[in-house]
Amino acid sequence: MKSSKGDLIFTICNYTFLTFVFVITLYPFLNVLAISLNDATDTVRGGITIFPREFTLDNYITIFEYDNLITGFVNSTLRTVIGTILGVISSAMVAFTLSRADFKGRKFVSTTLVLTLYFSGGLIPGYMLMRDLHLVGTFWVYILPGMVNAFNIIIVRSFMDGLPYALQESAKMDGANDFSIFWRIILPLCTPVLATIALFIAVGQWNSWFDTYLYNGSNPSLTTLQYELMKILQNTSISSTDPNAYRGTEGIEAAKNVSPESIKMAISVVTIIPILIVYPFLQRFFVQGMTLGAVKS
Amino acid sequence: MEIAKKKAHTYKPIKNKKSFWGSLIHQRYLYFMSMPFVIWVFVFNYLPLWGWTMAFQNYRPGKSMGEQEWVGLQHFIMLFQDERFYLVLRNTLAMSLMGLILGFTVPIVFAILLNEVRKKAFKSTLQTITYLPHFVSWVVVAGIVTKVLSIDGGVVNQVLTATGLVDEPIQFMTKGGLFWIIVTLADLWKEMGWNSIIFLAAMAGIDPQLYEAAKVDGAGRLRQIWHITLPGIRPTILVVLILSIGNLISIGFEKQFLLGNSTIVDYSEVLDLYALNYGIGLGRFSYGTAIGIFNSLVSIILLFLANGIFKRFTNQSVM
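Model, not experiment: these values are computed from the prediction.

Enquirer: Describe the overall build of chain B, listing the residues and the values that go with them.
Expert: The helix and strand tally for chain B stands at 16 helices and two strands. In chain B, which comprises 319 residues, the share counted as buried stands at 50%. Contacts spanning at least 24 positions in sequence make up 65% of the contacts within chain B whose residues lie at least 6 apart. Counting every atom, chain B has about 16200 Å² of accessible surface; 66% of that belongs to carbon and sulfur.

Take a look at the structure:
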C-alpha cells in the first residue's frame, strides 16, 4: 500500500509538532539542571541553556548548609514514607471489604466513601477541625487528614474485583479467617495496583506544601522541602532583576558565591531527583492503574 | 460499575441469608477492616460540613456553640456588596472554564497524534518525557514557568527577541491580561501527557483490521482518525468528560497562589484564595466560611449546567 501525498504531509507535520512538544517539555528541566550546576556569578551573565558553562557544585554545597532545608528534607522523607505505608494498607483493607459481594455493610461503606469525592467542607472549616483536634503544629497533620482516599480505594477495589473468588473460597475451606485471607492471599496478588497507588500517595506527600504553609508555617522544626522552596520562590517571583527582593538565605549568600536564582534551581533539582529515581520502575504499573481506575469509576 | 455488579452476583456464596446481627459476628473481620476507616472519613470529610454553621454566626474562637451570636445571612450580604468579590468570581470562572476546555481537548489531540507515530522508540520516549511533569510539584513548576518567562534569560523572551517578533523583552508575569493564559498553559504543560494515557490505552484496544479495511478503501490518515480512532475512543472521551466536569468542583488555587504576585492580584485571586486571605489571614472565620460555601455552590451549579448540556447532546447523564 503506497501512502498518498496527504499522508506524507500529515506524517511530517506530526513528527515536527511532536518533536516541538518533546523539546518544550524537556528543555526547562535541563535548563534548571544546568543552572544549578553552573557558577552563580557566571549565571547572572545569562545565556545558560542545557549545559553548565562553569561547572561547580557550590550551589548544592550551600543549600545543604541551610538548616531549614535539612529539616525540610527529613520531614518530607518521613511524611512520604509514613503516609505511603499507612495510606496503602488502609486503602487495601477497605478495598478488600468492598470487593466482597457477601459483605453486608458493603453498600454503607461504599456510599460513605464515594460521597466524599463530590463535596468538601472547604478551607476554613477544615482548618478549624484541625485546630479542634489539636493537629495544628504537629507532624500528624500531614498524615491523618488524607489517609483514607476514596479514589485510591476505587482503583484497588476494581483490581481486586478481577481476582478469582475461588482463591478465597478454598482458603476459607482450610479455615482461614477474612483477615488472613486478605493478608496472605489477596495482598500479595495486588502488588501492581498497590505499587500504583503507593506512587500516587508518595508523590502527593512529597510534593505538598500547602498544609505546611497553613498549619505549620510558623514552626521551623516541621517545615518541608517544598515549603522552603516555595518561600524562596515567592520572594523572587516578581522580578529576578532585583536581588534585594530576596530574603531568607541572606546569611549564607553573603558567605558564599551564590545567588537566589542558583539556590532555587539547586533545590528544585533536589526535589525532583527522588521522583526521577522511582519513576522508571513504576511507569508500567501506573499506566495500568490509571486505565483500570478510570474505566471502572 | 454495572459490570462490577453483575460479576459480583455470580460470586455470591450460598449462605448469606443470616440476620444482620448474625452477619455482624460472622463477618466481624470485614467490619473490623472497614469501620475504623468509615469513622475516619466521617471525622475528616463529613465533620467539616458542620463548620458551615460558622457562616451564619459571628464566630468567635473559644466559645461554645450556644454562646455564638447568630447573624443569619449577614455575611453573605456583605459578600455580595463587596466589589472585590465580583472580580474574584470572574477570575475563578474564567480560569476553570479555560482549564476545562483545553485540559479536556488537548490531551485527546495529543494522544491521537502520538498514536499515529510508527516509530516505537520515539513514541515511548515522548510518553516517558511528557508524563514526567505530572509528578513534579506545582512549586517547582511555578519556578520553571517564572524562569522560562523572565525578562533576563527567559527562553521565551530570548526566542521572541532573536526572531525580531518583539523589540523589548515582555514582562509576562506582570501583565494581568496574560495571567489566565499563563496558568492554563502551565497546567497543560504539566498534565497533557498524563491525561493522554487513558486515551492511548483506549486506542490500543481498537481492532487493527478496521484500519486495514479503511486503507483498502483508500482512506488517508486523517479520514482514518475521523472514522475509526475517534469513534473507537468515544466511550473513553465521555468518561473523561464526566471526570473533568466533576473536577470543576475543585477549581484549585495552588497554581494561582504560586504564580500570582501583588502586581496582578486582580487577575490571579480566585475564590479559595479570597477565602484564605479573609478567613485565616485576617481571622474573619465566618466571612471566610461564607465565601467557601458560595464557592461550593458555584461548583455545583457549574456541574449541573454542564450535565444539562451534556444530556441534551448525548442523551446520557454524567451524574
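Enquirer: Kindly report on the packing of aromatic side chains, identifying the contributing residues and their values.
Expert: All names here are of chain A. All told, the structure shown has 34 aromatic pairs over all chains when counted by the stated rule. Seen from their ring centres, Phe73 and Trp206 are 6.0 Å apart, and the 90° between their planes marks the pair as edge-to-face. Taken together, the residues Phe73 in helix α4 (residues 67-99) and Trp206 in helix α10 (residues 191-207) connect sequence positions 133 residues apart. For Phe73, a relative accessible area of 31% corresponds to the partly exposed category.

Enquirer: Could you give an account of helix α5 (residues 106-115) of chain A, naming the residues involved and the relevant values?
Expert: Among the residues of α5(A), A:Arg106, A:Val109, A:Thr112 and A:Leu113 are the ones counted as buried. The buried residues of α5(A) all sit within an arc of 145° when viewed along its axis, so they share a single face.

Enquirer: Give me the interface of chain B and chain A: which residues, what numbers.
Expert: Taken residue by residue, the interface counts 96 residues in chain B and 101 residues in chain A. When chain B packs against chain A, close to 9000 Å² is buried across both sides, 76% of that on carbon and sulfur atoms. Area buried by chain B at its contact with chain A is led by B:Leu30, B:Met33 and B:Phe135, which between them contribute 8% of it. In this structure, the connection of chain B to chain A is made through zero salt bridges.

Conventions adopted
Residues numbered from 1 in each chain as written. Chains lettered and ligands numbered in written order. Predicted model: local features only at pLDDT ≥ 70, side-chain atom pairs only at ≥ 80, totals over all residues. Heavy atoms only, no water. Helix = DSSP H or I, 4+ residues; strand = E, 2+ residues; numbered from the N terminus. Buried < 20%, exposed > 50% of the residue type's maximum accessible area, 1.4 Å probe, protein only. Contact = heavy atoms within 4.5 Å. Areas by Shrake-Rupley, 256 points an atom, 1.4 Å probe, with all protein chains shown as cover. Phe/Tyr/Trp six-rings, centres within 6.5 Å; stacked < 30°, edge-to-face > 60°. Arc of directions from axis to C-beta. Buried area = accessible area lost by both parts, 1.4 Å probe. Salt bridge = Lys/Arg side-chain N within 4 Å of Asp/Glu carboxyl O.

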